[in-house]
Amino acid sequence: MTKDECKKVVLEIIADIAPDEDLGNVKPDVRLRDQMQLDSMDFLDIVMELRKRHGIEVPEADYVQLASLDSCAEYLTPKFNALAAKG
Amino acid sequence: MASDFRLHLMKQSQQSRVVITGVGLTSPNGNSLPEFRQNLLNGVAGIGRMEIRYMGTQLAGVCHYDPLKYQKKKELRVGTRAGSISIYCAREAMADSGVNLETLPKDRVGIYIGCTEHGNVETENEIYNISKFNYDTKYWSHYHNPRTVANNPAGEASLNLGITGPAYTIGAACAAGNLGLIHASQMLRLGEVDFALCGGVSESIHTFGIFAGFKSQNALATHEDPKKASRPFDKARNGIVISEGGCLYTLERLDDALARGAKIYGEISGYHVNSDASDYVLPNPVRQAECVRAALRRDGLEARDIHIVNTHATATPLGDIQECEAIRAVFGEGCPDTHINNTKSYIGHAMGAAGALELAGNLPSFDDLTVHPTINVDDLDPLCALPGLVLNQPRKVAKVDTILNNSFGMLGINSTLIVRRFVP
């Protein structure tokens, strides 16, 4: 998985969690909660959906890595790829 | 001096009078009071079919309001159906009252919402959800607790409307709709709040457990025609049709309502709540009659002074007979101007919303002097043959000054509410 593909996966989850938001112009380097209405429960939703849909676990200590699309891609892409390698 | 004192007494008296100034509702046959009323007069039932988890197709009363009228998609995703119904009804009631929410002192507003139950829907959903993950609880939603706390429906309304006064639910089984109104009246009279949103809501059709429970109790209605399935007082009645719905009112003290020139639907003039203390599910006609008589006494009325009696009857074979025994004991003789009806025959049993919705259906009678009937009675059960029962066709009457609204619930909770035509 490329980082761009990873961002797409995260955006798909956010589209379900924040259905009122326009995700057409999300700036990848800006914190997600600074450009849309996301609270701490919504971030827990992102964590839950990564777990449910993709089997990806994000420990609480790493939640900070989900701040922006860029940081999500940095953090999650290796996890997706490790999971894929396991088969 | 004497005249000052009289004025003081009059003012005090007006402050203790509580009036209905707005109605917001959603029922299986209407999403506003005019639509609901018209369908009650036209004999239009709102029962259909619905897929229920584990149980297949069942009869149910489903509401068709537009949840996006007052909520964002995200609110709907995070919240509950009962919360959404509460928000819709509260916003509709506010709009109907003509009060500007922006200028209302929100810390002086109370939200009191009756519920039969709350939390079953979300708990069942979460158990179903984790069943897809081998019952691993790490897949259990972090929204489970805010969705299932008992105050959820009132809390969601407070969030949506920005109300910062007391907002909570009243658990009173199927008497809960009346209890919402009664409790709000008490809080207004005590001066705890200056404005109240109150009534009842139900999301019960979204929990299979309610259906399965009634089915196991042999109390779930069946009929090939959904519109005919809910038939209180009919000899062939065979149980309850479960419905969702909601009805919230705005209540104010009379002096406040008069000061702003509010439209007044009626005055909350009497009520009583008691308990059977005799059985988990079987109603007790002696206690029900006691409840009705106590409400009449509080209002200084005789039985013959009541012009419309709304029955709670849910179409269970025994429950209807028990209630009719209670009604007969109070209104059986010497009440030529008392007319008796039932709303569940149109909308099924809306549980915590039932009492509040049924009252709303009768309120327009103050203006149109028409009593909506009980429909679906093809063969009246002789044990339910009350004098004054209005069957299948609306009845034009000479006078409607008083409505007595009965609502009873499991564990033997009984409630009676009396609303009078407003006379200054």
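Residues numbered from 1 in each chain as written. Chains lettered and ligands numbered in written order. Predicted model: local features only at pLDDT ≥ 70, side-chain atom pairs only at ≥ 80, totals over all residues.

Draft legend 1. Looking closely at the overall build of chain A. Per the secondary structure count, chain A includes four helices and zero strands. Secondary structure elements of chain A occur, N-terminal to C-terminal, as α-α-α-α. Relative to the 2.2 N^0.38 estimate, which gives 12 Å for 87 residues, the radius of gyration of chain A is 12 Å and therefore close to what a compact globule would have. In terms of principal-axis extent, the alpha carbons of chain A reach across some 35 × 25 × 20 Å. For chain A, the residues scored as buried account for 21% of the 87 residues in total. The long-range share in chain A, meaning contacts at least 24 apart out of those at least 6 apart in sequence, stands at 59%. (Helix = DSSP H or I, 4+ residues; strand = E, 2+ residues; numbered from the N terminus. Rg over C-alpha atoms; globule rule 2.2 N^0.38 Å. Buried ≥ 20, exposed ≤ 12 C-beta atoms within 10 Å, placed from the backbone. Contact = placed C-beta atoms within 7 Å.)

Draft legend 2. Quick peek at the sheet that holds strand β5 (residues 167-171) of chain B. Residues and elements named next belong to chain B. Overall, mixed pairing links the ten strands, which are arranged β5-β4-β6-β8-β1-β9-β15-β14-β10-β11 in an open sheet. For this open sheet the edge positions go to β5 and β11 (339-341), each flanked by a neighbour on one side alone. Within this sheet the neighbouring strands show an average axis-to-axis angle of 25°, counted without direction. As paired strands, strand β4 (residues 109-115) and strand β6 (residues 195-202) are joined by seven bridges and run parallel to one another. Each residue of the ladder has a partner; that of Y112, found in β6, is C198. (Pairing = 2+ DSSP bridges. Axes fitted to C-alpha atoms, helices over the stretch in contact; angles between N-to-C directions.)

Draft legend 3. Geometry of the sheet that holds strand β7 (residues 242-243) of chain B. Residue and element names in this part refer to chain B. Here we have three strands laid out as an open sheet, ordered β2-β3-β7, and mixed in their pairing. A single partner strand is all that each edge strand has here, and the edge strands are β2 (47-52) and β7. Bridge analysis of strand β3 (residues 56-61) against β7 gives two bridges, and the strand direction is parallel. Counterpart to A60 in the pairing with β7 is I242.

Draft legend 4. Representation of the interface of chain B and chain A. Counting residues at the interface gives seven residues for chain B, matched by seven residues for chain A. When its residues are assigned to classes, the side of chain B that touches chain A shows two nonpolar, one polar and four charged. (Nonpolar A, V, L, I, M, F, W, Y, C, P; charged D, E, K, R; others polar.)

Draft legend 5. View of the domain arrangement of chain B. Residue and element names in this part refer to chain B. Looking at the assigned domains, one finds that chain B contains domain 1 (10-259) and domain 2 (270-420). Between domain 1 and domain 2, the C-alpha centre-to-centre distance is 21 Å. In this complex, domain 1 contributes 55 residues to the contact, which on the side of domain 2 involves 49 residues. Residue assignment for the side of domain 1 that touches domain 2 shows that the elements contributing at least two residues are β1 (18-26), α2 (33-42), β4, α8 (176-190), β6, β7 and β8 (245-253). By residue number, the principal contributor to the side of domain 1 that touches domain 2 is α8, which donates seven residues. For the side of domain 1 that touches domain 2, the class distribution of residues is 28 nonpolar, 20 polar and seven charged. (Domains from an automatic or database assignment.)

Draft legend 6. Spatial organisation of the environment of P424(B). With respect to the helices and strands, P424(B) occurs in the segment after β15 (413-420). Residues P424(B) and L254(B) lie 170 residues apart in sequence; the distance between their C-alpha atoms is 9.0 Å.

Draft legend 7. Expanded view of the confidence of the model for chain B. Considering every residue of chain B, the mean pLDDT works out to 96; 96% of them sit at 70 or more. What the predictor reports for the complex is a pTM of 0.95 with an ipTM of 0.94. (pLDDT = per-residue confidence, 0-100.)

Draft legend 8. Representation of the environment of D66(B). Within the secondary structure, D66(B) sits in the loop between β3 and α3 (73-78). Counting along the chain gives 19 residues from D66(B) to I85(B), while the straight-line C-alpha distance between them is 9.8 Å.

Draft legend 9. Spatial organisation of unusual backbone geometry. All names here are of chain B. Of note in the backbone geometry, N134 takes a positive phi value of approximately 55° without being a glycine. Within the secondary structure, N134 is located in the loop between α5 (120-131) and α6 (144-148). In this structure, A173 is a non-glycine residue whose phi angle is positive, near 45°. In this fold, A173 is placed in the loop between β5 and α8.

Draft legend 10. Quick look at helix α3 (residues 40-54) of chain A. Residue and element names in this part refer to chain A. With 15 residues, α3 ought to run about 21 Å at 1.5 Å a step, and its terminal C-alpha atoms sit 21 Å apart, in line with that. Every buried residue of α3 is listed here: D45, I46, V47 and L50. For α3, the secondary structure elements touched by its buried residues are α1 (3-17). Looking one or two residues beyond α3, the residue adopting positive phi is G55, at roughly 70°. (Expected span 1.5 Å × (residues − 1).)

Draft legend 11. Focus on the nonpolar core. Counting 117 residues, the largest nonpolar core has A196(B), C198(B) and A360(B) as its most contacted members. Top element by residues in this core is helix α4 (residues 81-97) of chain B. It accounts for eight residues. Per-domain counts for this core show at least three residues from each of domain 1 (10-259) and domain 2 (270-420) of chain B. Contacts of A196(B), omitting those with residues within four sequence positions, involve G110(B), Y112(B), A184(B), M187(B), L188(B) and L251(B). The next biggest cluster of nonpolar side chains, apart from the first, holds 15 residues, and it includes C6(A), I17(A), V58(A) and A73(A). (Core = buried A, V, L, I, M, F, W, Y, C linked by C-beta atoms within 7 Å.)

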